[in-house]
Amino acid sequence: MHITAIAVRAPAGRDNHRHHANNRKKTGMFTAVTEFTVAAPAQGAFEDNFTASMRATLTDVPGLRNTRLLRPRKGAHGYLAVPDFEDDTAFTAYTLSEAFRAAHADPTPSLADDNRVTVFEAVTQV
């Protein structure tokens, strides 16, 4: 299993497009995106297992705004798990929590062939 973590940090509310600044809401939201490569025959079981894990481990995580599992369309195989946290502090606390350990402790073999983690900080929200 290969994991690459990339942190993209910009000050909350920074807007390089000044002419659109009045139309955007400032936010400090922090998003971690994990892409899973899953072969077509395993996709149904992957969705079931991942959804069950999310429901079992993420319902009471402090600072977690929402989380989604995105299915690829038309033959692609890269699923995206997208949790949104209130801020960097909430994300960091989650990575040190029992909920994080439980979400990543599945003893069954992974149905994903590979995964990659990318971390983003929201700059603007329209």
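Only a predicted model underlies this, so the values are computations on that prediction, with no experimental measurement involved.

Visitor: Kindly report on the packing of aromatic side chains, identifying the contributing residues and their values.
Guide: If you walk through the whole model with that rule in mind, you get 8 aromatic pairs. Between Phe36 and Phe50 the ring centres are 5.2 Å apart and the planes differ by 65 degrees, which places this aromatic pair in the edge-to-face class. Here Phe36 is found in strand β3 (residues 30–37), whereas its partner Phe50 is found in helix α1 (residues 43–57), with 14 residues between them in sequence. With a relative accessible area of 11%, Phe36 lands in the buried category. Aromatic pair Phe46 and Tyr79: ring centres 5.0 Å apart, planes at 55 degrees, arrangement tilted. Remark: Tyr79 occurs in strand β5 (residues 78–85) and Phe46 occurs in helix α1; sequence separation between them is 33 residues.

Visitor: Got a sec to walk through the pairing of β5? Specific residues and values, please.
Guide: In terms of burial, β5 is largely enclosed, as 6 of its 8 residues are buried. Sheet analysis places β3 next to β5, joined by 6 bridges and oriented antiparallel. Within the sheet, the bridge partner assigned to Phe30 lies in β5 and is Phe85. Judged from the 6 bridges that link them, strand β4 (residues 64–70) and β5 form a sheet pairing that is antiparallel. Among the inter-strand pairings, Arg68 is bridged to a residue of β5, identified as Val82.

Visitor: Lay out the side chain of Thr34 with the relevant residues and their values.
Guide: Of note, Thr34 is situated in strand β3. Judged by relative accessible area, which is 16%, Thr34 ranks as buried.

Rules and cut-offs
Residues numbered from 1 in each chain as written. Predicted model: local features only at pLDDT ≥ 70, side-chain atom pairs only at ≥ 80, totals over all residues. Heavy atoms only, no water. Phe/Tyr/Trp six-rings, centres within 6.5 Å; stacked < 30°, edge-to-face > 60°. Helix = DSSP H or I, 4+ residues; strand = E, 2+ residues; numbered from the N terminus. Buried < 20%, exposed > 50% of the residue type's maximum accessible area, 1.4 Å probe, protein only. Pairing = 2+ DSSP bridges.

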